[in-house]
Amino acid sequence: MLIRILIAASLLLILWVLLSGHMTVLSLSLGAASCLLVAWLFHRLALPDPDFKTLYFSFNLPRFLPWFFLEVIRSNLDVSWRILHPKLVISPVKSTVSTKILNDVAKTTYANCITLTPGTYTLNVDADSIEVHSLTQGTAEKLQKGEMKERISALQGRFKTP
Amino acid sequence: MLVASWLLLGLGSVFCLIGTLGLMRLPDFYSRVHAASIIDSLGAILILLGLILQTQDLLVIAKLILILLFMMLTGPTAVHALAHTALLNEKSSSTDENHQLPE
């Protein structure tokens, strides 16, 4: 428990130094004190994560992010083209995507990634499915094929079981 | 460097404009949210990247990257809150035939 508080506090301290830009003893000690306090408070608030699931998840992100950013750019261009098209070629549709193979961290990431990509966004999150609104039939079908879900599921690594 | 910066700023502004246009052109509430998320994602990313190229100060660059990260978290949250509320309203008023979402 102490180790987790210290890890969280040192990450927060890096943020403090970045934002303040001052390296004086007074500023750093005040920062360290408040970071420890916040880390302790959050330890009491947050859900237990004894296996460092979240940390493991973040270490795997560099593999996922380049693909995701390309996907964001691609869907941005697609939606922009549809908006600028004189005939507005859209076919809005609601659909449901199953998230049974994802754990909680992955579910949140998946829902957020869906919303970050224009053309799709999350309407509702249930225990094992996500309700999505898509601007076109095509993007809805692409979501059902589940490439993004598989990539996020790969981020979970050895924590595959929910 | 400066040319690239202005190019990115210009492109970002273009995408913000397209998003705004979409907000007005698209026919219903749920579709309009898609247009808003263009402004949130590519518009904001390009403008912040352009701003990063404007400075050599590492501290300012770090802060701009932080702004980018926080926008990537708050944007989807806001969109989801908006859409989820619309969905709940729609469900609770489904008995009312005349009720429609604002267009």
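About the thresholds
- Starting from 1, residues in each chain are numbered consecutively following that chain's sequence as written.
- Working convention: letters from A go to chains and numbers from 1 go to ligands, in the order in which they are written.
- pLDDT decides what is reported in this predicted model: residues at 70 or higher carry local features, side-chain atom pairs at 80 or more are listed and counted, and totals for whole chains, interfaces and linings draw on all residues regardless.
- As a convention, hydrogens and water are excluded, and side-chain values are obtained from all of the structure's heavy atoms.
- Secondary structure counts use DSSP, requiring at least four H or I residues in a row for a helix and at least two E residues in a row for a strand, with both numbered from the N terminus.
- The rule is simple: take the accessible area with a 1.4 Å probe, protein chains only, and divide by the maximum for that residue type; under 20% is buried, over 50% is exposed, in between is partly exposed.
- Whether two residues touch is decided by their heavy atoms; if any such pair falls within 4.5 Å, the residues are in contact.
- Throughout, the Shrake-Rupley method with a 1.4 Å probe supplies accessible areas, and for residues the shown protein chains are the sole cover considered.
- For a helix, the expected span equals 1.5 Å multiplied by the residue count minus one.
- In this context, the arc is that of the directions from the helix axis out to the C-beta atoms.
- Confidence of the predictor in every single residue is expressed as pLDDT, which spans 0 to 100.
- Salt bridge, as used here: a side-chain nitrogen of Lys or Arg that lies within 4 Å of a carboxyl oxygen of Asp or Glu.
- Each pair of strands is called paired provided DSSP finds at least two bridges between the two strands.
- The convention used is that axes are lines fitted to C-alpha atoms, helices contributing only their stretch in contact, and that angles between N-to-C directions extend from 0 to 180 degrees.

Participant: What should I look at first to understand the overall build of chain A in this one?
Facilitator: A count of helices and strands for chain A gives seven helices and three strands. Secondary structure of chain A in N-to-C order comes out as α-α-α-α-β-α-β-β-α-α. Residue burial in chain A is summarised as follows: out of 162 residues, 38% are buried. Partitioning the contacts of chain A with sequence separation of at least 6, the portion at a separation of at least 24 is 70%. Carbon and sulfur atoms make up 69% of the accessible area of chain A, which amounts to about 9400 Å² in all.

Participant: What is the right way to look at the overall build of chain B in this model?
Facilitator: Per the secondary structure count, chain B includes three helices and zero strands. By the burial criterion, 39% of the 103 residues in chain B qualify as buried. Within chain B, counting contacts between residues at least 6 apart in sequence, those at least 24 apart form 64% of the total. When the accessible surface of chain B is summed, it comes to about 5900 Å², and 72% of that surface belongs to carbon and sulfur atoms.

Participant: Mind showing me how you'd approach the environment of A:Ala33 here?
Facilitator: Note on placement: A:Ala33 falls in helix H2 (residues 25-45). Taking the C-alpha atoms as reference, A:Ala33 lies 9.1 Å from A:Ala9; in sequence the two are 24 residues apart.

Participant: What exactly am I supposed to notice about H2(A) here?
Facilitator: Owing to its 3.6 residues per turn, the α-helix aligns residues three or four sequence positions apart on the same side. Residue and element names in this part refer to chain A. Taking 1.5 Å of rise per residue, the 21 residues of H2 would be expected to cover 30 Å, and the 30 Å separating its terminal C-alpha atoms lies within 8% of that figure. Among the residues making up H2, those that are buried are Ser27, Gly31, Cys35 and Ala39. Viewed along the axis of H2, the buried residues span an arc of 90°, placing them on a single side of the element. When the buried face of H2 is taken as reference, the exposed residues oriented beyond 90 degrees from it are Val25, Leu26, Leu30 and Arg44.

Participant: Teacher, can you tell me more about unusual backbone geometry here?
Facilitator: Phi is positive for A:Leu88, which is not a glycine, with a value near 50°. Along the chain, the position of A:Leu88 falls in the loop between helix H4 (61-84) and strand S1 (93-98).

Participant: Even after reading the chapter, I still don't get the environment of A:Met1, so can you show me in this structure?
Facilitator: Here A:Met1 lies in the segment before helix H1 (2-20). When the C-alpha atoms of A:Met1 and A:His43 are compared, they prove to be 8.3 Å apart, with 42 residues separating the residues in sequence.

Participant: Quick question: what am I supposed to make of the confidence of the model for chain B here?
Facilitator: As a general rule, the predicted coordinates of low-pLDDT regions are not to be interpreted in detail. Across chain B, pLDDT averages 85, with 89% of residues at or above 70. Put simply, helix H3 (residues 58-92) of chain B is where chain B has its lowest mean pLDDT, 87, and helix H1 (residues 2-25) of chain B is where it has its highest, 92.

Participant: Sorry, what's going on with the pattern of salt bridges here?
Facilitator: As a working rule, side chains carrying opposite charge can pair if their charged atoms are close by. Residues and elements named next belong to chain A. Inspection of the entire model under this criterion finds five salt bridges over all chains. When the shortest N-O distance is used, the salt bridge between Arg74 and Glu71 registers 3.0 Å. Taken together, the residues span about one helical turn, with Arg74 and Glu71 both in helix H4 at a distance of three residues. Look at Glu71 and you get buried, because its relative accessible area is 8%. Asp78 is the partner of Arg82 in a salt bridge, and the nearest nitrogen-oxygen pair spans 3.2 Å.

Participant: Explain the sheet that holds S1(A) to me, please; I cannot follow it from the model alone.
Facilitator: Two orientations exist for strands paired in a sheet by backbone hydrogen bonds: parallel and antiparallel. Residue and element names in this part refer to chain A. Across the sheet, which stays open at both edges, the three strands sit in the order S1-S3-S2 with antiparallel pairing between neighbours. Edge strands, defined here as strands with exactly one partner in the open sheet, are S1 and strand S2 (120-125). The mean inter-strand angle of the sheet, taken between neighbouring strand axes irrespective of direction, is 30°. The pairing of S1 with strand S3 (residues 129-134) spans six bridges and is antiparallel. Opposite Ser98, over in S3, you have Ser129 as the bridge partner. In the packing of helix H6 (residues 137-145) onto the sheet, the strands contacted are S1, S2 and S3, and the crossing angle to S1 comes to about 5°.

Participant: Could you clarify how one ought to interpret the side chain of B:Ser41 in this entry?
Facilitator: Tracing the chain through its elements places B:Ser41 in helix H2 (residues 29-53). On the accessibility criterion, B:Ser41 (1% relative accessible area) is buried. For B:Ser41, the contacting residues outside a window of four places in its chain are A:Val72, A:Asn76, A:Leu116 and A:Pro118.

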